[in-house]
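An overview of the molecular structure
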Amino acid sequence: MRVSLNLVKKYIDLPKELTYKQIAYDLTLRTVEVESVENTSEKFHDIIVGKILEIKKHPNADSLKLCITDIGEEEPVQIVCGGSNLYEGELVIVSKPGAEVYWHGEGELVKIKKSNLRGESSFGMICGATEIFLKDMFPPKDEREIVDLKGIDCKPGQNIADVLELADTILEIDNKSLTNRPDLWGHYGIARELSAIYHLPLKPLPKFKVPDGIKKYEVEIKESQKCQRYAAVEIDNVDVKQSPLWMQAILINTGSRPINAIVDITNFVMIATGQPEHAFDKTHVEGDKIVVRNAQKGEKLELLDKNYIELTEDDLVICDTKEPMALAGIRGGIKDSILPETTSVVLEVANFTAKGIRKTGKRFDEKTDASIRYEKNIDTQRVDDGLSLALELFKEIFPESKITAFVDNYPIKTENEIIDVPEEFLNTRLGKILPKETIERVLTDLGYKVEYAKGNYHVTVPVWRSTGDVYLKDDVMGDIARLLSFESFEPVPITMCVDHAVLQRDYTLERRIKEYLALRCGFNEIFTYPWIDEKYIDASGANKEENITLVAPPSPSEKYLRTSLLPGSLEAITNNLRYFNEFKMFEIAEVFKKGEYHPSTEEETLPIQEKHLIATITGKEPQKIFYELKGVLEMMAGYVHMEDITLKQGDKPSWADINVHLDILLKNKKIGEIGLLSIKTMNAAKIKRTNVAVLELNLDKLEPLDSRTNNFKHIPVLPSVEKDLSVLVPEEITWKEIENTIKNRVDGITFIEEYRGNQIPEGQKSISFKFTIDNKETTMTAEQINEKMNSIIKELKRKCKATLREE
């Protein structure tokens, strides 16, 4: 979303010293992610107002003119121009040398230079709208038409961005960061956040009061669960003149296109408040009545291009007494158009529920600025904001306009969420004890109402946050933390003690399989969506009745969850064959089967999930690729340390060649299949002039081998003492007996050598070993070391008849 700081400043007075970089930084840390900042006036550098003082014929070109032009400098300049609508005294737009424009409105930006055209000097360029980013504000009638600033208050030398009020700072906000914040899809919501961040007052929106004595417009809502509020205002004495420059400038800078004053008001109100609006030509509404209902079976909606769309009985439509005029909250039809002869309108300000808009939008593959906002689930009270601002603008732009009828059909009201937030909960979760006054100030700035009693904050959530955004005490805590900025919280290291090694054999096995296939066998890992195009399920020969059907699929053809990884791989193979003749791919992912799986509690119910492995080799020679894939499978157990698998002829899979297929067995139980794709399967998947070997198995059934039993031991905190010792023992004494004698007195013991020789008495042998000692609490002193050594020698002498060997 593009946010205009010019529009934001209509609702909040930001300090002059506050830079746009600081605003972007603070918004990113506290509210939404600002992706970029654009100064809209930069592209208009050296593009100014000029006044044509005199027009002369070009001596060498009939289609060109010599325009003596005042550009606000000491002397007029000569500019060669071929415009079709030039006249003396005309105020035009001049690109001086150094400006960047689109030459004849096409190609890349070109820097203007002083030039010589057909033998005559030209200081810059008199521009058409398409050459200087203004085609939406001044739509040209022909390619030679230049912009005529007649009627606009300006003088030579002024920068055109200032004249047309296009000088603005635009914050480009990542839409994903707005997904759960319907209140921020309008500039007033952004202004409200900035007022809370900087603790500044927010200017109120205008309030609408129904004029006395006007008739009631008739609106009937037959589907109140889909349309919770519908206000209609009949306004006379309007026309399709242009909207004011300031409004056109904001529409252009925020990504919209000015059309006429009536349509521009509805678009501006949506940008300002986040409330979509629509205006119908009053004469097009049959019976002076609006009916909000589901479409009837076989009903159609005629569009502006004279085409029709087939409606379903689940589509909400706006109708008159005769037929549908618009697809509610998404798009209009031919009957709701504002035409050049329009002089009276019916203004629609309504609230449509998110679920219905999203389903209908997906069905018709439609996503508009209005539907995007309705899909976020905006509150019903926002109708008041949109209605009041729209009527104020109608009165400002059309002083002679008159409200002749009004109705506000309001069956369902958005209720404020009420949440109790314990003070102890905040202190624990925030990791910081905040003063009560700070918490109350932050929440109040955000629009909450707060009552504190006996260690509990009784919080009333503002209605614009009560449509699913804030409903838990954790949400309230999150608002406090983000508004204070996470930078204000001291990082606290997590204390943890590792008491034993964690051995996760299943995860280790999966990682080893990936490494084996990718690094040793040259496969590329792929990732496919869990929803599968129906044609690839059919190609694999699978029974679609076994698949789980999605309630809201990404597209009508992708309504099934996969029960096998093969359909997704068929699509991947088809796509990759456009670029490669031979390749190897594998994927490890979940498949979904009918049934119930409870991962944490009985209340959490999911379909049965299995983790599968699929690997494919695509190439020209069927025998070669099958034996290569078979070899990869047979060698896998040894490389990844798992139980051996075996292969055996079994029933033919639906996708496999009649002669080349095998079952994959583990302990005589089938866990998968390997084979070549059949010609039928490849034809159905559009796999041509190649062959494909496939293996798919249930990864959950594989069994990793047991590892050695390892014991975990902490690294010593204090320095240890390492000693060597050589002792004489009788021949019958073994090293094991010596080790068992002292192993409980030392931290580690290592055998060095056993020796017999001239210096060793007969019937004895010398055994040398090293050991490590410490006392766990302090660094050992010399006295402690000697005491420990003496106790070890004494124990060896007692149990092993050992004596110290003398050199």
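All right, on to the environment of Lys96 then. Among the secondary structure elements, Lys96 is positioned in the loop between strand S6 (91-95) and strand S7 (100-102). When the C-alpha atoms of Lys96 and Ile47 are compared, they prove to be 6.2 Å apart, with 49 residues separating the residues in sequence. Not counting residues up to four positions away in its chain, the partners in contact with Lys96 are Asp46, Ile48, Glu73 and Ile112.

Turning our attention to the sheet that holds strand S32 (residues 606-619). Pairing is mixed in the open sheet, where seven strands are placed in the order S28-S31-S32-S36-S35-S34-S33. At either margin of the open sheet sits one strand with a lone partner, and together these are strand S28 (524-525) and strand S33 (646-648). The pairing of strand S34 (residues 656-666) with strand S35 (residues 669-677) spans seven bridges and is classified as antiparallel. Residue pairing in the sheet places Leu665 in a bridge with Lys670 of S35. Contacts from helix H16 (residues 622-640) reach strand S31 (583-597), S32, S33, S34, S35 and strand S36 (691-698) within the one sheet, and its direction differs from that of S36 by about 25°.

Right, let's get into the layout of surface pockets. Rolled over the atoms, a probe sized like a water molecule indicates the empty space that remains. Of the pockets and cavities examined, the largest pocket occupies roughly 980 Å³. If you trace the largest pocket, you find 32 residues lining it, with Ile259, Val263, Asn267, His278 and Gly332 closest to the centre. Broken down by element, the lining of the largest pocket gets its largest block of residues, four residues, from helix H6 (residues 261-273). Here the lining of the largest pocket is composed, by residue class, of 15 nonpolar, eleven polar and six charged.

Below, the discussion takes up unusual backbone geometry. Positive phi values are uncommon outside glycine, yet Asn377 reaches one of about 75°. Locating Asn377 in the fold gives a position in the loop between helix H8 (369-375) and helix H9 (382-397). You can call Asn377 partly exposed: its relative accessible area is 28%. Despite not being glycine, Lys454 has its phi angle at roughly 50°, a positive value. Along the chain, Lys454 turns up in the loop between strand S26 (449-453) and strand S27 (456-460).

Right, let's get into the side chain of Asp168. Its place among the elements puts Asp168 in the loop between helix H3 (160-163) and strand S12 (169-173). Polar side-chain contacts of Asp168 include one of 2.4 Å to the side chain of Ser4. Side-chain polar atoms of Asp168 contact the backbone nitrogen of Asn6, separated by 3.1 Å. Discounting chain neighbours no more than four positions away, the residues touching Asp168 are Ser4, Leu5, Asn6, Glu38, Asn39, Thr40, Ser41 and Asn253.

What follows concerns a positive patch on the surface. Together, Lys535, Lys620, Lys686, Lys688 and Arg689 line one region of the surface with positive charge. Note that Lys535 resides in helix H14 (residues 534-540).

Below, the discussion takes up the packing of aromatic side chains. Considering all chains together, one arrives at 15 aromatic pairs under this definition. Members of the aromatic cluster, connected to one another through ring pairs, are Trp735, Phe751, Phe769 and Phe771. A cation over a ring is seen here: Lys473 above Phe425, with NZ or CZ 5.1 Å from the ring centre.

On the surface, a nonpolar cluster with roughly 370 Å² of combined accessible area is contributed by Ile494, Met496 and Val498. On the secondary structure map, Ile494 appears in the loop between helix H12 (473-484) and helix H13 (505-520). By relative accessible area, Ile494 is classed as exposed at 77%.

This next bit is on the sheet that holds strand S13 (residues 215-216). The strands that make up a sheet are held in pairs by hydrogen bonds between backbone atoms, and each pair lies either parallel or antiparallel. Here five strands make up an open sheet; going across it, the order is S13-S24-S15-S23-S16 and the pairing mixed. The open sheet has two edge strands, S13 and strand S16 (277-281), and neither has a second partner. Where strand S15 (residues 227-236) meets strand S24 (residues 402-409), seven bridges bridge the pair, whose relative direction is antiparallel. If you follow Ala232 over to S24, its bridge partner there is Val407. Contacting S16 and strand S23 (344-352), H6 runs over the sheet at an angle of about 160° to S16. Running over the sheet, H9 touches S15, S16, S23 and S24 and is turned about 160° from S23.

What follows is about the side chain of Thr690. Summarising the element assignment, Thr690 is placed in the loop between helix H17 (679-684) and S36. The contact partners of Thr690, leaving out residues within four places of it in the chain, are Leu577, Asn581, Thr618, Gly619, Lys620 and Met682.

As a further point, take the pattern of salt bridges. It is possible for side chains of opposite charge to pair when their charged atoms get near one another. A complete count under the given rule lists 54 salt bridges for this structure. One salt bridge connects Glu731 with Arg756, and the closest N-O pair in it is separated by 2.7 Å. Pair noted here: Glu731 is in the loop between strand S37 (721-730) and helix H18 (735-742) and Arg756 is in the loop between strand S38 (748-755) and strand S39 (764-773), with a separation of 25 residues, a long-range link. Overlapping salt bridges, with partners in common, bring together Arg181, Asp183, Glu193, Arg465, Asp469, Asp479 and Arg482 in one network.

Counted by the stated rule, this structure contains two cavities of 30 Å³ or more. Approximately 80 Å³ is the volume found for the largest cavity. Taken together, Lys226, Asp314, Leu316, Ala328, Ile330, Phe352, Thr353, Gly356, Ile357 and Thr360 make up the full set of residues lining the largest cavity. Looking at the lining of the largest cavity element by element, the count peaks at three residues for helix H7 (residues 354-363). Here the lining of the largest cavity is composed, by residue class, of five nonpolar, three polar and two charged. If you add up the space inside the second largest cavity, you get close to 30 Å³. Lining the second largest cavity we find Arg181, Asp183, Arg192, Glu193, Leu446, Trp464 and Arg465. Taken together, the residues of the lining of the second largest cavity break down into two nonpolar, no polar and five charged.

Between helix H11 (residues 436-445) and H12, the shortest axis-to-axis distance is 10 Å and the interhelical angle comes to 95°. It follows from the interaxial angle that H11 and H12 lie roughly perpendicular. Where H11 abuts H12, its residues Thr438, Ile439, Arg441, Val442 and Leu443 lie against Val476, Asp479, Ile480, Leu483 and Leu484. Its residues assigned to classes, the contact of H11 with H12 comprises seven nonpolar, one polar and two charged.

Okay, H6 next. Since the α-helix turns once every 3.6 residues, residues separated by three or four places project in the same direction. Compared with the 18 Å implied by 1.5 Å per residue over 13 residues, the 18 Å span of H6 between its first and last C-alpha is a close match. For H6, the capping residue at the N-terminal end is Asn260, with a side-chain oxygen 3.1 Å from the backbone nitrogen of Ile262.

Here we take up the packing of H13 against H16. For the pair H13 and H16, interaxial distance at closest approach is 10 Å and the crossing angle is 130°. Between H13 and H16, the angle falls in the class oblique. As for the relative orientation of H13 and H16, their crossing is right-handed in sense. Along the contact surface, H13 presents Leu509, Arg512, Ile513, Tyr516, Leu517 and Arg520, while H16 presents Gly631, Val632, Met635, Met636, Tyr639 and Val640. When the residues that make up the contact of H13 with H16 are grouped by side-chain class, the tally is nine nonpolar, one polar and two charged.

Cut-offs and rules
As a convention, each chain's residues are numbered from 1 in the sequence order in which they are written. This being a predicted model, a pLDDT of at least 70 is required before a residue's local features are given, and a value of 80 or more before pairs of side-chain atoms are given or counted; all residues contribute to the totals for chains, interfaces and linings. Side-chain descriptors were evaluated using all non-hydrogen atoms of the structure, hydrogens and water having been removed beforehand. Counting from the N terminus, the helices are the DSSP runs of H or I reaching at least four residues and the strands are the DSSP runs of E reaching at least two. Contact definition: two residues touch when any of their heavy atoms are within 4.5 Å. DSSP bridges decide pairing: two strands pair if at least two such bridges lie between them. Each axis is a line fitted through C-alpha atoms, taken for helices only over the stretch in contact, and angles between the N-to-C directions span 0 to 180 degrees. Lining residues are those with an atom within 4 Å of a point, where the points come from a 1 Å grid over the protein atoms alone and group into cavities, where a 1.4 Å probe fits but cannot get out, or pockets, open sets with protein on both sides within 12 Å along at least five of seven lines. Grid points are joined across faces, edges and corners, and a volume is the space filled by probe spheres set on the points. Lys, Arg, Asp and Glu make up the charged group, whereas Ala, Val, Leu, Ile, Met, Phe, Trp, Tyr, Cys and Pro make up the nonpolar group; the residues left over, Gly among them, are polar. Remark: exposure states derive from per-residue accessible area (1.4 Å probe, protein chains only) relative to the maximum for the residue type, with buried under 20%, exposed over 50%, and partly exposed in between. Definition of a polar contact: a pair of N or O atoms within 3.5 Å, with one able to donate and the other able to accept a hydrogen when the atoms are protein atoms, and with sequence-neighbouring residues admitted only if both atoms are side-chain atoms. Candidates for patches are residues over 30% relative accessible area with no salt bridge; among them, like charges are joined within 9 Å and nonpolar side chains (Val, Leu, Ile, Met, Phe, Trp, Tyr) within 5 Å. Each accessible area is a Shrake-Rupley result for a 1.4 Å probe, and residues are judged covered by the shown protein chains and nothing else. What makes a salt bridge here is a side-chain nitrogen of Lys or Arg within 4 Å of a carboxyl oxygen of Asp or Glu, nothing more. Positive charges come from Lys and Arg alone, negative charges from Asp and Glu alone, with His and the N- and C-terminal ends not counted. Charge coordinates come from a single atom per side chain, which is NZ of Lys, CZ of Arg, CG of Asp or CD of Glu. Aromatic rings from Phe, Tyr and Trp, taking only the six-membered ring of Trp, are treated as a pair when their centres fall within 6.5 Å; an angle between ring planes under 30 degrees marks them as stacked, one over 60 as edge-to-face, and anything in between as tilted. Criterion for a charge above a ring: Arg CZ or Lys NZ at most 6 Å from the ring centre, at most 35 degrees from the ring normal. Every angle not falling under 35 degrees, over 145, or within 65 to 115 is termed oblique; those three ranges are roughly parallel, roughly antiparallel and roughly perpendicular. Each residue after the first adds 1.5 Å to the expected span of a helix. For a crossing to be left-handed, the near helix must be turned anticlockwise from the far one by less than a right angle; the clockwise case is right-handed.

Any functional reading would require information beyond the geometric quantities listed.
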